[in-house]
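One letter stands for each residue in the lines below.
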Amino acid sequence: MEELRNLSDVVRASGDDAMAVWAAQGREAHDCLGTGVRAWREGTAVAVASPHLSARDRLALTGHRADAARLLPRVLAETGPGYRLVADARLADPVLTDVPGLEPLHVFHWMDTTAPSPPGPAADGGARWLDAEAAKRATRLFDDHFPDSYAQPGRDGVHRWAGVPAGHGAGGEAAPLAVAADAWSAAGCGFLAGVVTDPVARGRGLARAVCAFVLDALVGRYGRAALMVDADNAPARAVYTSLGMTRRPLRAARHKDDPA
C-alpha cells in the first residue's frame, strides 16, 4: 500500500475519478490534499479518507475488485471504523463480500458534468448569489421542507448560496423561493448541495434555474460540478439530467463497529 501525498497523485492514480478527486478536497495551487485528508493506492485501487466531508467522515474507494479488497482492510486499520465507505455500487457490492466487518447501506446516485447547462424552459424568476441576510432567511425552507439536508445556512462547508428571491411585495423578511449551495467544492470538482424549493413555487422551473446558475459557476471555476441525490428521488434526478449531468449508482457501507 502506497500513501498518496499530493492532489496530483490522487488524480493520476484514480484516472481523474470525480468522486475521488472531490473527496481529496485539494488545493490546486499547492498540489496538496485538504486538511486531515489522507489517500492510498494499491494497484488500480485508490482510497481517500476525508474527515467531516458533507457532515460525515467519508472513505471514497475506486478501482478493481481484487485491488480494492486488498487495500480496504489496511486503510480501515489506519482510519478506524468511523469512516463511511462510498464506492460505485458495482464495486462495493462484491468488495463487501470480500472484506469482513462491513455492512451495506443505501444506494444513491453521484451525478456530474463538465459542460455548461443546456438551455431550458424560461423560469419565473432570476437566480442570483444571495447576500448573508437572504441566505439566512432560507433557513425557513430547510426547517419546513428539508430538515435532513447536510447543507444548510450557517453550517460548515457551505461556501455560498444562490437563490430566487421572493420578489417585490413579499416583504423584506420573506425567504427565497428556491435555493442551492456551492458546498464542499475543491480543486477539480465543484459541488452542489442544499437544493430546496418552497412548495408554493413549485412547477415554475425555479429549481432548474437555480441549479443551472450554480452548476455553470462551478464548471467555470473548477472544470467539473457534481452532486449526490437519493436513488428514489426521480423528480430531482430528472432536473439534473436535463442540466446535462450523468449519473452513477453509489453504495454506502459502514463498519459494524462504527459508533455513528
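Rules of the game
Residues numbered from 1 in each chain as written. Predicted model: local features only at pLDDT ≥ 70, side-chain atom pairs only at ≥ 80, totals over all residues. Heavy atoms only, no water. Helix = DSSP H or I, 4+ residues; strand = E, 2+ residues; numbered from the N terminus. Rg over C-alpha atoms; globule rule 2.2 N^0.38 Å. Buried < 20%, exposed > 50% of the residue type's maximum accessible area, 1.4 Å probe, protein only. Contact = heavy atoms within 4.5 Å. Areas by Shrake-Rupley, 256 points an atom, 1.4 Å probe, with all protein chains shown as cover. Expected span 1.5 Å × (residues − 1). Bend = angle between axes of the 7 residues up to and from the residue.

### Digging into the overall build of the protein
(1) Moving on: Secondary structure assignment for the protein yields 8 helices and 12 strands.
(2) Moving on: A compact globule built from 260 residues should have a C-alpha radius of gyration of about 18 Å, and the protein, at 19 Å, falls within 12% of that.
(3) Moving on: For the protein, buried positions account for 51% of its 260 residues.
(4) Moving on: Contacts in the protein between residues far apart in sequence, at least 24 positions, make up 70% of those at least 6 positions apart.
(5) Moving on: Accessible surface, the protein: about 11,900 Å² in total, of which carbon and sulfur atoms supply 49%.

### A closer look at helix α3 (residues 65–79)
(1) Moving on: For α3, built from 15 residues, the straight-helix expectation of 21 Å at 1.5 Å per residue is met to within 8% by its first-to-last C-alpha distance of 20 Å.
(2) Moving on: A bend of about 25 degrees at L72 is the largest found in α3, and the proline P73 appears one to four places after it.
(3) Moving on: Of the residues making up α3, those classed as buried are D67, A68, A69, L71, L72, V75, L76 and T79.
(4) Moving on: G80 occupies a position one or two residues after α3 and carries a positive phi of about 85 degrees.

### Some words on helix α7 (residues 206–222)
(1) Moving on: End to end, α7 covers 24 Å across 17 residues, agreeing with the expected 24 Å (1.5 Å per residue, within 8%).
(2) Moving on: Those residues of α7 that sit buried are L206, R208, A209, V210, C211, A212, V214, L215, L218, V219 and Y222.
(3) Moving on: Where α7 terminates, the next one or two residues include G223, which has phi positive at roughly 85 degrees.

### Some thoughts on the environment of K136
(1) Moving on: Looking at the secondary structure, you find K136 in helix α5 (residues 132–137).
(2) Moving on: Given the relative accessible area of 58%, K136 is considered exposed.
(3) Moving on: Sequence separation of K136 and P153 is 17 residues, and the distance between their C-alpha atoms is 5.8 Å.

Geometric descriptors of this kind do not, in isolation, establish any biological role.
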